[in-house]
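Spelled out, the chains give:
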Amino acid sequence: MMAQVAITLNVNGRNQTTLAEPREILADVLRDRLGLTGTHLGCEHGVCGACTVLMDGEMVRSCLLFAVQVQGSEITTIEGLEENGELHPMQKAFSEYHGLQCGFCTPGMILAGIDLLKRNPDPTAEEVRDDMGGNICRCTGYQKIVESVLGAASEMNEVTS
Amino acid sequence: MTTTEWIGARAPRREDPALIRGRGRYVADINLPGTLHMAILRSPMGHASINSIDASEARAMDGVHMVITPDDIPDHVTQFPVIWRLPGQKDSGTPALAEGKVRYVGEPVAAVVAESRYVAEDALDAIDVDYEPLDAVTDAEAALEEGAPVINEDWGDNVAIHHVFAGYNALGECHYDAETFDNAEVTVRGRLKIGRHSGIPLETRGIVADWDEVHGRLTVHSESQVASLFRTELAASLGLPETAVRVLTPNMGGGFGNKWDRYPEDLLVSIASMELGKPVKWIGDRREGLMATVHGRAQVQEWEMALQSDGTILGLRGKVINDLGAHLHSVGIGPAWVTGAAAPNQYKIANYYCDVIAAATNKAPSSTFRGFGGPEGIFGAERMMDKAAKQLGMDPAEIRRKNMIQPDQFPWFNAAGAVYDSGNFPECLEKALEAADYDRLRAEQAELREQGIFRGIGISSYIHVSGFGPSPILGYLSYYTGGYEGSTVKVDPNGKATVYTGMIPMGQGTETTLAQVAAHHLGIDMDDVRVVWGDTDQTPYTGFGSAGSRSNVAAVAVIRAIEEIKAKAIRIGAGMLEADADDLEYAEGAVSVKGAEEMRSVTLAQVAQQAYWAHALPEGDQPFLEATYVYDPPNFTTASGCHVVVLDVDTKTGKITFQNYVIVDDCGPVINPLLVEGQIHGGVAQALGGALLEEFVYDEEGQLLTTSFMDYLLPSFTDVPDMEIHHVVTPSPHTDGGFKGMGEAGTFPPGAAVANAVTDALSHLGVEADELPITPSRLWGLIQEATG
């Protein structure tokens, strides 16, 4: 067994310190050490995107990072999106447009959608498909995820305009 | 929503609030105190005998609690059986660990239980297995040849079954006539191949077993799609009474049939937990998911169609060779049997014959996958329709029109024994053609070709015989389960309802659908209905638990239980209203006097209170307001429809670009349009994966070459087109509500529709897209061959 090291992260706005082995991936630390099981593991080799989280505001795959690599970073997981009891418009849109079925890819999809709208607040359907191609869904056939992201975009643009 | 007309409403899903917050609870999320973690040592070889296994080093490692080798498995533990055992089918089951030899890459050889998954995997490296390689066979046709390496010695050869559909329909009539084929004006032949692929739920398989030594109880947190049967089989294999086993199924990250089966790891975690007295958890990784979760679909088909020169089909006969993999899994050769039963499809084909042969190969077992052999049968039928049209110089739509079963010909007894209950096949076809603007597409096609745009139009009609099924028929087919679904509905003293179902949701929105049906029939708000699922201690035993049997079997059980509740409410209401029960009716959540000028009624809540107080119950009635109904359907339901695909082929690269995808679906009345659309979209996307991208590739030694998502390609956002969905509604004549199964139907036609479209696009070259998946490299190869 390997020696454990202390890792401090700001997760969903709160500083947290946990012990972990240097070989533990970020996803395992989030899930097993910090109890944030909303981050899912679908492939553990960086293809499916289910484990997507935001690191210092940027989208990353938590299965491809060792937790020790991200020491001191700000991490946002699906559990951190709700503010003051209010869901993020992307979360609401996924439900409204039936952008999820089994829900396993959904946390990653929602975070990828949020990341996209940060860079491109008013995307076309084609742009959504191109941009989110790194996240795999096995249930929906994607069409209703595209509708969800477009729906969230128009909702968010209405609020800001 | 303020309505009691819940059936047909686009009701929001009650599953969503937890899932969009990351608060779903999947098996991997379950962390019981003291949990130990299992990792599995898997065969690195396709075929080898095991001389010895030395686990002494692994057993001595820090943090390792147990190593399971075949010698560590208690003698009383038995293999999981095959539950579909057709006459003449060889016998084999699913063992916990390979017994003396390995038969496919990924077969479990040993297991380690340790304090963490990381440590367990470390210990796998310390186990020394001495293998003696054996000749492998990975091609199903080669496996049938004389002298091929025999994979299961007790079988004598690699033939798991040779089952013949000799043309008998359900009335016992046989119209197979070989002479017609010899004398036909037109004979069309085709040899088709479907690649090995599978459901690949994004959540891998996993299981937690928790043995309570004090009470002698094993609680299993599993993703089984059929928890009742799983409980029965797990108890039997472990030598426990069934009352000692409780199966809990939390959220499931997709199942697609793959999680219907029983697996070695289910036994291994249970054995370990019972030995160690601690919870033991195994969560498969993706590599394990690809190599050791059941595969599906792989077939070679050879067909011969006899026709008159006017396009009238006189007969269809053929051979289906199923690449079974190393051994029979939970459903035996079931899917290949269904292929044989489905191949007559929507057409008036009485003269039918089909040899179904399942061949063992050194590959992962092939078993349950959404569609269950049906999509393979439709692929065969619909490719042959297009081949016939081409040979006759007919339009592919026209040959279908000419041979379709007509709306007034139901029930239709197909020549493989299936009974189609209802449908309107021509209307589905015409509606799809119209929506796709078929005539214009055909008119434009030649012009586009002049411009170097190779556009193809592909049609595929389909039937989906859903709702497994009448139990006596399952018995007749040697299927060792029932086909019923039961439901208990309880109305609480406050008038709110709880529905208990044995159905296991996999993501389809089962909870929402059943709540809609219950609210509709009780005439109450949907929020006043709770649905309980996923606990064999609480929910009714379920029969088949799959095969599109949620809306047409499980929902009917809910409706019938509610009918009993309503009847009792009227009896109780009669006393409360001082009226004769015959003068009362139940509607909108209340019992009222029929046709009374002044509204005289009592609400469901008032009736329920009386039912629980029991101060003045009608004679013969017991307290409570609840009922259980177990519904065993009198027949299967026949969903049907038609897909039309429009796509362009880039002849330089073999790349396909979709231009349009039109779907007409007839699943009878729709309970929730939102969810039906989602099911169709997902089913089509999954089938497009198998049509264009997905394939498990093995080399000649049985080495699996596609063990990551870099090699096994799932369709992504840019691979799946937007789909346009239309409905035709032909209610099933024999289910309450007329509902038909629809969760699988999306997977049936895409393979043929795409292959037909590609063939159509390249008709000037004579390319026939007869092998799935039509990957760019495979298609490019065909184009090169055709152009020299």
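Cut-off values and rules
Residues numbered from 1 in each chain as written. Chains lettered and ligands numbered in written order. Predicted model: local features only at pLDDT ≥ 70, side-chain atom pairs only at ≥ 80, totals over all residues. Heavy atoms only, no water. Domains from an automatic or database assignment. Buried area = accessible area lost by both parts, 1.4 Å probe. Salt bridge = Lys/Arg side-chain N within 4 Å of Asp/Glu carboxyl O. Polar contact = N/O pair within 3.5 Å; in protein donor to acceptor, adjacent residues only side chain to side chain. Nonpolar A, V, L, I, M, F, W, Y, C, P; charged D, E, K, R; others polar. Pairing = 2+ DSSP bridges. Helix = DSSP H or I, 4+ residues; strand = E, 2+ residues; numbered from the N terminus. Axes fitted to C-alpha atoms, helices over the stretch in contact; angles between N-to-C directions. Contact = heavy atoms within 4.5 Å. Core = buried A, V, L, I, M, F, W, Y, C linked by side-chain atoms within 4.5 Å. Buried < 20%, exposed > 50% of the residue type's maximum accessible area, 1.4 Å probe, protein only.

**A closer look at the domain arrangement of chain B**
Residues and elements named next belong to chain B. According to the domain assignment, chain B contains domain 1 (31-134 + 201-255 + 259-292), domain 2 (299-470 + 634-787) and domain 3 (484-631). Of the roughly 2,200 Å² buried between domain 1 and domain 2, counting both surfaces, carbon and sulfur atoms make up 64%. The interface formed by domain 1 and domain 2 contains zero salt bridges. There are eleven residue pairs in polar contact (both at pLDDT 80 or more) connecting domain 1 and domain 2. Split by residue class, the side of domain 1 that touches domain 2 holds 13 nonpolar, six polar and six charged.

**Observations concerning the sheet that holds strand β5 (residues 74-76) of chain A**
Residue and element names in this part refer to chain A. Here five strands make up an open sheet; going across it, the order is β2-β1-β5-β3-β4 and the pairing mixed. Two strands lie at the open edges of the sheet, namely β2 (14-20) and β4 (58-61), each paired on one side alone. Strand-to-strand, the axes of this sheet are offset by a mean angle of 40°, without reference to chain direction. Bridge count for strand β1 (residues 5-11) against β2 is seven bridges, and the pairing is antiparallel. Looking across to β2, one finds that threonine 8 is bridged to threonine 17. Helix α1 (residues 26-33) contacts β1, β2, β3 (52-55) and β5 of the sheet and is inclined by roughly 100° relative to β2. Set on the sheet, helix α3 (residues 106-119) makes contact with β3, β4 and β5; between it and β3 the angle comes to about 45°.

**Considering the nonpolar core**
Residues Ile333, Tyr352, Val758 and Ile774 of chain B are the most contacted members of the largest nonpolar core, which totals 173 residues. Beyond its immediate sequence surroundings of up to four residues, valine 758 of chain B is in contact with Leu647, Val649, Ile656, Ala769, Ile774 and Leu779 of chain B.

**Section: the interface of chain B and chain A**
Listed per partner, the contact involves 53 residues of chain B and 51 residues of chain A. When the two sides are added together, the surface that chain B and chain A hide from each other amounts to roughly 4,300 Å², 56% of it contributed by carbon and sulfur. Connecting chain B to chain A are six salt bridges. Of the charged contacts, one joins arginine 21 of chain B and glutamate 82 of chain A as a salt bridge, the two residues approaching to 3.2 Å between their closest N and O atoms. In this assembly, chain B and chain A are joined by 28 residue pairs in polar contact (both at pLDDT 80 or more). Tallying contributions element by element places helix α18 (residues 673-692) of chain B first for the side of chain B that touches chain A, with nine residues. For the side of chain B that touches chain A, the per-class residue count stands at 23 nonpolar, 16 polar and 14 charged.

**Section: the pairing of strand β22 (residues 584-587) of chain B**
For a regular strand, the rule is simple: side chains alternate between the two faces of the sheet. Residue and element names in this part refer to chain B. Side chains of β22 alternate between two faces, with Leu584 and Tyr586 buried and Glu585 and Ala587 left unburied. Pairing geometry for β22 and strand β23 (residues 590-593), over four bridges, is antiparallel. Counted as the bridge partner of tyrosine 586 is valine 591 from β23. Where β22 hands over to β23, the hairpin turn is made up of two residues, of which glutamate 588 adopts a positive phi near 50°.

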